[in-house]
Amino acid sequence: MEAARITTEDELKQAFSIRVAVFVEEQGVSVEEELDEFDTLDGECAHVLVYYDETPVGTGRVRVVEDIGKLERICILKEYRKYGLGKVILAKLEEIAAENGLKKTKLHAQTRAQGFYEKLGYKVESDVFMEADIPHVLMTKKLF
C-alpha cells in the first residue's frame, strides 16, 4: 500500500476513472462538476494515486489556496475502503503540502467522513454546508 504522485497522463486518467466511479456513479455528482480546470498534470494541483497490490484504487489532489494546502477529490473505490488507504492518501497529500512550505491544510469533508478526518488531526471549522448536494464541513489541520 503506497501513494505516489501522478506524473503521466495515463496515471491521471486512472485517477479520473476512480473519481468517476466514486463521485459520479456512486454518489450522483455530475461529471461536469467533478472534473474541472485543475485536472491537469502541469496545473495548480498535485495529484496522487494510492495502490493496493499494484492496482490503483484511490486518489486525491492538493492545491495551494491562500497559503494553505487544500486537499480535494479524495476517494477510494468501494471494495478497497477497509484497508486504511485513506490515511495513506492524506499522508502523501500532506507531505506534498509540507514540501511546498505550507504549514496548514484544509478540506471540505463529507459529513459522513468527518470522524475519519478527526482521527487524523483535522478540526471542524464551519457549520454544515452543501456541495454537490452532499453535506460537508470545512476542516483544517496544522502540519507542523
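Reading guide: rules and limits
Residues numbered from 1 in each chain as written. Predicted model: local features only at pLDDT ≥ 70, side-chain atom pairs only at ≥ 80, totals over all residues. Heavy atoms only, no water. Helix = DSSP H or I, 4+ residues; strand = E, 2+ residues; numbered from the N terminus. Rg over C-alpha atoms; globule rule 2.2 N^0.38 Å. Buried < 20%, exposed > 50% of the residue type's maximum accessible area, 1.4 Å probe, protein only. Contact = heavy atoms within 4.5 Å. Areas by Shrake-Rupley, 256 points an atom, 1.4 Å probe, with all protein chains shown as cover. pLDDT = per-residue confidence, 0-100.

A few points about the overall build of the protein chain
Alright, step 1. For the protein chain, the helix and strand inventory stands at 4 helices and 8 strands.
Alright, step 2. Scaling as 2.2 N^0.38, a compact globule of 144 residues should have a C-alpha radius of gyration of about 15 Å, and the protein chain matches this with 14 Å.
Alright, step 3. Dimensions of the protein chain along its principal axes, counting C-alpha atoms only, are 35 × 35 × 30 Å.
Alright, step 4. Out of the 144 residues in the protein chain, the part that is buried amounts to 44%.
Alright, step 5. Across the protein chain, every contact between residues at least 6 apart in sequence was considered, and the portion connecting residues at least 24 apart equals 59%.
Alright, step 6. Carbon and sulfur atoms form 47% of the exposed surface of the protein chain, whose accessible area is close to 7,900 Å².

Quick notes on the confidence of the model for the protein chain
Alright, step 1. In the predicted model, the protein chain carries a mean pLDDT of 96, and 100% of its residues have values of at least 70.
Alright, step 2. No element of the protein chain has a lower mean pLDDT than helix H2 (residues 31-34), at 93, and none a higher one than strand S6 (residues 123-124), at 98.

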